[in-house]
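Each chain, written out:
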There are 4 protein chains.
Amino acid sequence: MELSGIISYPITPFSADERSINFDVLGETLELLLQNGSDAIAPLGSTGESAYLSLEEWRQVADFTVKTVAGRVPVIVGISELTTLQAISKARYAQSIGADAVMIIPVSYWKLTEQEIFNYYREISEAISLPIMIYNNPATSGIDMSPELLVQMFNEIDNVTMVKESSGDIQRMHKLYALSSGKLPFFNGSNPLALEALCAGASGWCTSAPNLIGQQPKALYQSVVAGKLDEAREIFYQQLPMLNFIVSGGIPKAIKAGLVLKGISAGLPRRPLRGATIAEITLLQSLMDSHTEVVK
Amino acid sequence: MELSGIISYPITPFSADERSINFDVLGETLELLLQNGSDAIAPLGSTGESAYLSLEEWRQVADFTVKTVAGRVPVIVGISELTTLQAISKARYAQSIGADAVMIIPVSYWKLTEQEIFNYYREISEAISLPIMIYNNPATSGIDMSPELLVQMFNEIDNVTMVKESSGDIQRMHKLYALSSGKLPFFNGSNPLALEALCAGASGWCTSAPNLIGQQPKALYQSVVAGKLDEAREIFYQQLPMLNFIVSGGIPKAIKAGLVLKGISAGLPRRPLRGATIAEITLLQSLMDSHTEVVK
Amino acid sequence: MELSGIISYPITPFSADERSINFDVLGETLELLLQNGSDAIAPLGSTGESAYLSLEEWRQVADFTVKTVAGRVPVIVGISELTTLQAISKARYAQSIGADAVMIIPVSYWKLTEQEIFNYYREISEAISLPIMIYNNPATSGIDMSPELLVQMFNEIDNVTMVKESSGDIQRMHKLYALSSGKLPFFNGSNPLALEALCAGASGWCTSAPNLIGQQPKALYQSVVAGKLDEAREIFYQQLPMLNFIVSGGIPKAIKAGLVLKGISAGLPRRPLRGATIAEITLLQSLMDSHTEVVK
Amino acid sequence: MELSGIISYPITPFSADERSINFDVLGETLELLLQNGSDAIAPLGSTGESAYLSLEEWRQVADFTVKTVAGRVPVIVGISELTTLQAISKARYAQSIGADAVMIIPVSYWKLTEQEIFNYYREISEAISLPIMIYNNPATSGIDMSPELLVQMFNEIDNVTMVKESSGDIQRMHKLYALSSGKLPFFNGSNPLALEALCAGASGWCTSAPNLIGQQPKALYQSVVAGKLDEAREIFYQQLPMLNFIVSGGIPKAIKAGLVLKGISAGLPRRPLRGATIAEITLLQSLMDSHTEVVK
């Protein structure tokens, strides 16, 4: 599997009492992402509140997504688990239901050594045959994997075939490129870094933005691939205020609020996470309005 | 309930395949802690790998501890949950089995606002009638609660009656003292800060050290309470190398390794956490030897 | 004055006993930089060890540089002073000898408030009629100016007409662009960020690299301006190891060592700064060799 | 020379136009500090705006202070210089006028390696015969010396006999104590850490607080030495709001404003540093009033 382009992240919509998943809305957002130029779909990521779900819920979302996408693009299932055994259990499940790849982030309570992180991925890899995307996001997971460690795992662990870098540090991408002689495919997971990451050679952009601003992320990707730098810069600065907004207060809150403004009953994130405030919704509406104008 | 002194933290020992709890060993360590001058016992804290347990395991450990301690000292049950509903469910369970208090830390994936943290504690408080110890440990939980927020919750949320501060920043304790006019009881959770925290007015010390160095933590506490500063300083510097060792590589690893050296089959932490290396075990043995000499 | 492109930074070479300036060598390096496509020359910057010079030495270097460049390109004289009065004195001197602009960084001992920084620049501006480039480099100066403050000073202080951003944070450049609607010309001062800063809209690149790798920085700039992204990326990754080397151990040390390898008697930085080690010189030689090959 | 107790820091008062030193006021504040129990006087420190003075001014202040103190207590002259040669020049001058010791902080523009820092102190030591107090204050100087390096310099450089630690990190003091087996005398330079540093074994407290709150710092020191912990804690919490105020906005600003409130014409810090705002002066007045009451 050679991935590139826009990997889109759906939310996980809940019922009003938070106790179950709203699959109708999940289906609606999956279709929305497919229409907006997604080259792959990644359920159960940070956007999908993966860490906040019960095991049973996690399985339901994985099942539903694989069935709904139905091979139209690859499905990359997100796994964020404290223990190796739980991560293996989920990875095997993802494989059993036909996922195309897994994206794995080793969340921490006690800090992990590099050897512990290496073993975590190695043991998961040995338990499955799917490609693994290593997901580095120190701000949410509490674990920061160095480019050196990432390249080592790419070289030494069979199923590790790509990296998603969400630290927002462009120098990490330079290092991934240099240390692997350009062979390790890396994806950008920091929305406000999209232009520069693609300029620096990222294979694609992992983003929830297509939920709210349609095909614009794809347009940015295509401009860079076509070498049209002036156009890419213009497209990027147009969407940057929205990208900053999405990131600033936590992605699930922003995306759910924006979907509601679009008429999709996305509901709220799970408590203690709260929904967007009136001020945030007002700002979001104006950002969405300005994007509609751009597209017209 | 007026707590003070040494609040001791037991490990959660696992079977060799990591799949179940070793209750015989748990019982052994609880007796050890009671013999070593513990003024309270706090199962399912950071030392107890609370975040790594299934719900069922968490309940079993809570049950077993309350029954084993059997009122000899108060039992404070630890809760570390991402969602409000799960935290409430555990807090109610702790109350139902006769725990004396709950110690709660709001672990994060998406960063929480102060309002979200406040609501988290308020909603838990409304669901139970037990005293709540707020536990601040940014290094493990990814959430850092300011002294201002902690004092506000103490003032405005009924069951919040004490704070455990593990940030290791003595200025926070000064602020807790000043902002509450000395009324908020705060406990030190940073082992290498024990002397200074007690000098600054902490009500006690939350520590796993009595697992390995017996009554020495209690002796430090008693020296400070008696105003014997020179003695306290001497006792503190004697145990400081061990306290630094315990903290440096993750508490469960260190305590389990030390218990094994004492002949107690404490086993290993749960993967991806690993056991102590040979070099660590050698150092630990020499630290334990020097403590035995001190006591003789 | 509309600046763009490569702004080159000469070293300040000292005599062997550190007590005087070696003007012969200074002249040699100025010619070298002019041959390598410099669009402007900036003496007395971080590369030029400005902060380590006596007032008299600083004046001598300014004089000599203005006279030697002799209008072939603009000369931007660097000023890094703790007190407002000293900064004004130097700025007036620069104007009196015919400098084209001044680049000013407000070094700190006691942290400055935003108001203090604003006043510092305002008072200097009122004392001269030259354009001022504000230089933000928190790593060396201990002062970090926010994009908001930088744009405010651009808008409200007459002679402030451009910014050099050396924090290495691409998001700052996005903010400078957005907050000024693209009107504030900003230059990149972080060597390993050169590709992305230019892609994001920087007017140019402030760099000492032309001392060691000739026309390659200019070639990168020209590729981006021409919209040739693939070529720019290739050129950038070729010079990135050298850019990282230059930055990693302190620019004056690296540039002086590299000039010596090229046969120019650049000497050593001023103590306590030390010259490059044997290991560093060996690495530097191999980096320079690989660049020579690229150019052939 | 065996120092202990309270080392007091005078300001450097300027004339209204900032261009000269006001020696009358300097003399007044020196007498004030001597009356308030100072065990030593340290002119030209951070409080004394040492880094903001011309060489000539620095010499005048050193001269005047040595002559005014006239052997009543030791005088420790502060040196903060970027270059080794300038630092040596000042150290020799201090020795020539009869200073008892020098306190030296190696301010940075380019970061220094440990070897560079070591050499800096070694070369200064070889040029003089006075005791050297190494001053670690990363917040102002941009250089952070580890406890390991500090102890190494104490062991290996002849005239290095003591350390002033202003990082505010109590664990550093533990390390200085442990690494030197209690032999390296360390002084606390972080005002809000005074109680705990003394409890942990500091030889004394370097502070500008006696300028504003008279003998209270000395009273805290004496309580700890006498082993009266409850009394020490009470005295400390009484002065803590003032200590926090002094530190929060820059010491020279706070001390000069407070002296003015006491009727001493201390003037303003040197620009770009500004004087206290009306709000700050109002708060400071109320803090000083509450201290007057305490003393009555």
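The structure this text deals with has already been given above.
Not measured: the values here are computed from a predicted model.

Parameters and conventions
- Residues numbered from 1 in each chain as written.
- Chains lettered and ligands numbered in written order.
- Predicted model: local features only at pLDDT ≥ 70, side-chain atom pairs only at ≥ 80, totals over all residues.
- Heavy atoms only, no water.
- Contact = heavy atoms within 4.5 Å.
- Buried area = accessible area lost by both parts, 1.4 Å probe.
- Salt bridge = Lys/Arg side-chain N within 4 Å of Asp/Glu carboxyl O.
- Helix = DSSP H or I, 4+ residues; strand = E, 2+ residues; numbered from the N terminus.
- Nonpolar A, V, L, I, M, F, W, Y, C, P; charged D, E, K, R; others polar.
- Axes fitted to C-alpha atoms, helices over the stretch in contact; angles between N-to-C directions.
- Left-handed = near helix turned anticlockwise from the far one by under 90°.
- Phe/Tyr/Trp six-rings, centres within 6.5 Å; stacked < 30°, edge-to-face > 60°.
- Buried < 20%, exposed > 50% of the residue type's maximum accessible area, 1.4 Å probe, protein only.
- Expected span 1.5 Å × (residues − 1).
- Least-squares fit on C-alpha atoms with pLDDT ≥ 70 in both.
- Pairing = 2+ DSSP bridges.
- Right-handed = clockwise from strand over helix to strand, strands pointing away.
- Parallel < 35°, antiparallel > 145°, perpendicular 65-115°, else oblique.

Participant: Help me understand the arrangement of the chains, please; the structure alone is not making it clear to me.
Facilitator: Separating chain B from chain C is a minimum C-alpha gap of 20 Å, and the two share no contact. Regarding chain A and chain D, which are not in contact, the minimum distance between any of their C-alpha atoms is 20 Å.

Participant: Which parts of the structure should I look at to understand the interface of chain B and chain A?
Facilitator: It is common to report an interface's size as the accessible area lost on association of the parts. Each partner contributes residues to the interface: chain B has 34 residues there, and chain A has 34 residues. Between chain B and chain A the total buried area reaches about 3300 Å² when both faces are included, carbon and sulfur atoms providing 62% of it. The largest per-residue losses of area from chain B upon contact with chain A belong to Y109(B), W110(B) and P272(B), which jointly make up 27% of the total buried on that side. The interface formed by chain B and chain A includes 2 salt bridges. The shortest N-O distance in the salt bridge between E123(B) and R271(A) comes to 2.3 Å. Contributions of two or more residues to the side of chain B that touches chain A are made by α3 (84-96), α4 (114-127), α5 (138-141) and α12 (251-261) of chain B. Per element, the largest residue contribution to the side of chain B that touches chain A is 5 residues, and it comes from α4(B). Looking at side-chain class alone, the side of chain B that touches chain A contains 16 nonpolar, 9 polar and 9 charged residues.

Participant: Looking at this model, I keep getting lost on the packing of helix α4 (residues 114-127) of chain A against helix α6 (residues 147-156) of chain A. Mind explaining?
Facilitator: Helix packing for two helices is described by the angle between their axes and how far apart those axes are. Residues and elements named next belong to chain A. Packing of α4 against α6 brings their axes to within 11 Å, and their N-to-C directions diverge by 35°. Regarding α4 and α6, the two cross each other, and that crossing is right-handed. Listed contacts from α6 to E114, I117, F118 and Y121 of α4 are L149, Q152, M153 and E156. Looking at the contact of α4 with α6 residue by residue, the classes come out as 5 nonpolar, 1 polar and 2 charged.

Participant: Would you mind going over the packing of aromatic side chains with me for this structure?
Facilitator: For any pair of aromatic rings, geometry is given as the distance between the ring centres together with the angle between the planes. Within the structure shown, the criterion is met by 24 aromatic pairs over all chains. A ring pair is formed by Y109(A) and W110(A), whose centres lie 6.1 Å apart and whose planes are at 80°; its orientation type is edge-to-face. Look at Y177(B) and Y237(D): their rings are 3.8 Å apart centre to centre, the planes differ by 15°, and that puts the pair in the stacked class. Note that Y177(B) is positioned in helix α7 (residues 170-179) and Y237(D) in helix α11 (residues 229-248), a pairing that runs across two chains. Owing to a relative accessible area of 29%, Y177(B) belongs among the partly exposed residues under this scheme. Feature note: the residues Y177(A), F236(C) and Y237(C) constitute an aromatic cluster, connected by ring pairs.

Participant: Help me out: how do you make sense of helix α4 (residues 114-127) of chain D in this one?
Facilitator: Each α-helix winds once per 3.6 residues, and so residues spaced three or four apart point in a common direction. Residue and element names in this part refer to chain D. Over its 14 residues, α4 runs 20 Å from end to end, which matches the ideal 20 Å to within 8%, given 1.5 Å per residue. Along α4, the residues that are buried comprise E116, I117, F118, N119, Y120, Y121, E123, I124 and S125. The elements touched by buried residues of α4 are α3 (84-96), β4 (101-105), β5 (132-136) and α6 (147-156).

Participant: Even after reading the chapter, I still don't get the relation of the copies chain B and chain A, so can you show me in this structure?
Facilitator: The two chain copies are connected by a rotation around an axis plus a translation along it. Structural alignment of chain B on chain A gives an RMSD of 0.0 Å, achieved by rotating through 180° and translating 0.0 Å along the axis. Each copy turns onto its partner about a two-fold axis. Minimal C-alpha distance to the rotation axis in chain B is attained by G142(B), lying at 3.3 Å. Both copies present the same face, since 100% of the interface residues in chain B are matched by interface residues at the equivalent positions in chain A.

Participant: So what exactly am I meant to see when it comes to the environment of Y121(A) here?
Facilitator: Residues and elements named next belong to chain A. With respect to the secondary-structure elements, Y121 resides in helix α4. Residues Y121 and L26, spaced 95 residues apart in sequence, show a C-alpha to C-alpha distance of 29 Å. Leaving out residues up to four positions away in the same chain, Y121 has contacts with I104, I105, P106, I132, I134, Y135, M145, M153 and I157.

Participant: I would appreciate a short explanation of unusual backbone geometry in the present structure.
Facilitator: Note on backbone geometry: most residues besides glycine have negative phi, and most peptide bonds are trans. Here the amide bond leading from R271(B) into P272(B) is cis, since omega sits at 10°, within 30 degrees of zero. The topology assignment puts P272(B) in the loop between α12 and α13 (278-295). One non-glycine residue with positive phi stands out, namely E49(A), at about 50°. Assignment of secondary structure puts E49(A) in the loop between β2 (40-41) and α2 (55-69).

Participant: How do you make sense of the pattern of salt bridges when you look at a structure like this?
Facilitator: Side chains that differ in charge, positive against negative, can pair when their charged atoms come close. Tallied over the entire structure, the rule returns 56 salt bridges over all chains. Between K175(D) and E148(D) there is a salt bridge, with its nearest N and O atoms 2.9 Å apart. Remark: E148(D) occurs in helix α6 and K175(D) occurs in helix α7 (residues 170-179); sequence separation between them is 27 residues. Between R233(D) and D230(D) there is a salt bridge, with its nearest N and O atoms 3.3 Å apart. With a gap of 3 residues between them, R233(D) and D230(D) both fall in helix α11, about one helical turn apart. The exposure class assigned to D230(D) is exposed, which follows from its relative accessible area of 55%. One continuous salt-bridge network, built from bridges that share partners, spans D144(A), E165(A), D169(A) and R172(A).

Participant: What should I look at first to understand the relation of the copies chain C and chain A in this one?
Facilitator: Superposition record for chain C on chain A: RMSD 0.0 Å, screw rotation 180°, translation along axis 0.0 Å. Comparing contact sets, 100% of the residues at the interface of chain C also lie at the interface in chain A, consistent with an isologous, same-surface contact.

Participant: Looking at this model, I keep getting lost on the pairing of strand β6 (residues 160-165) of chain B. Mind explaining?
Facilitator: Strand residues, when the strand is regular, have side chains that alternate between the two faces of the sheet. Residue and element names in this part refer to chain B. In terms of residue burial, β6 counts as a mostly covered element, since 5 of its 6 residues are buried. Pairing geometry for strand β5 (residues 132-136) and β6, over 5 bridges, is parallel. Paired with M133 across the bridge in β6 is M162. Where β6 and strand β7 (residues 186-188) come together, 3 bridges link them in parallel fashion. If you follow V163 over to β7, its bridge partner there is F186. For the crossover that starts at β6, traverses α7 and ends in the parallel β7, the hand is right-handed.

Participant: For this particular structure, what's the right way to read the interface of chain C and chain A?
Facilitator: Counting residues at the interface gives 20 residues for chain C, matched by 20 residues for chain A. Summed over both partners, the interface of chain C with chain A buries about 1700 Å², with 61% contributed by carbon and sulfur atoms. A per-residue breakdown of the area chain C buries against chain A is headed by H174(C), L229(C) and Y237(C), which together make up 32% of the total. At the boundary of chain C with chain A, the tally comes to 0 salt bridges. Of all the secondary-structure elements, those providing two or more residues to the side of chain C that touches chain A are α7 (170-179), α8 (194-199) and α11 (229-248) of chain C. Among the residues making up the side of chain C that touches chain A, the classes are represented as 14 nonpolar, 4 polar and 2 charged.

Participant: It is not clear to me how the sheet that holds strand β3 (residues 76-80) of chain A should be interpreted in this structure. Could you clarify?
Facilitator: Within a sheet, neighbouring strands are paired by backbone hydrogen bonds and run either parallel or antiparallel to one another. All names here are of chain A. Strand order in the open sheet formed by 8 strands is β2-β1-β8-β7-β6-β5-β4-β3, with parallel pairing between adjacent strands. A single partner strand is all that each edge strand has here, and the edge strands are β2 and β3. As judged from the 4 bridges shared by strand β1 (residues 5-8) and strand β8 (residues 204-207), these two strands associate in the parallel manner. Directly across from I6, in β8, lies its bridge partner W205.

Participant: Quick question: what am I supposed to make of the packing of helix α6 (residues 147-156) of chain B against α7(B) here?
Facilitator: Residues and elements named next belong to chain B. The interhelical angle for the contact between α6 and α7, taken along N-to-C directions, is 40°, at an axis separation of 9 Å. Viewed along their axes, α6 and α7 adopt a mutual orientation that is oblique. Note that α6 runs across α7; the crossing there is right-handed. Contacts between α6 and α7 involve P147, E148, L150 and V151 from the first element and R172, K175, L176 and L179 from the second. Considering only residue class, the contact of α6 with α7 consists of 5 nonpolar, no polar and 3 charged.

Participant: So what exactly am I meant to see when it comes to the pairing of strand β4 (residues 101-105) of chain B here?
Facilitator: All names here are of chain B. Where burial is concerned, most of β4 is hidden: 5 out of the 5 residues are buried. Judged by which residues are buried, β4 turns out to be covered on both faces: A101, M103 and I105 on one side and V102 and I104 on the other are all buried. When strand β3 (residues 76-80) meets β4, the two strands line up parallel, connected through 5 bridges. Bridge pairing in β4 links S80 to I105. For the crossover from β3 across α3 to β4, the handedness is right-handed. Bridge count between β4 and β5: 3 bridges; the pairing is parallel. Residue pairing across strands places V102 opposite I132, the latter belonging to β5. Crossover connection from β4 via α4 to parallel β5: handedness right-handed.

Participant: Hey, could you run me through the sheet that holds strand β4 (residues 101-105) of chain C in this one?
Facilitator: All names here are of chain C. In spatial order, the strands read β2-β1-β8-β7-β6-β5-β4-β3; together these 8 strands make up an open sheet with parallel pairing. Unpaired on one side and paired on the other, β2 (40-41) and β3 (76-80) mark the two borders of the sheet. Each of β5 (132-136) and β6 (160-165) touches helix α6 (residues 147-156); the most contacted strand, β6, lies at about 160° to it.

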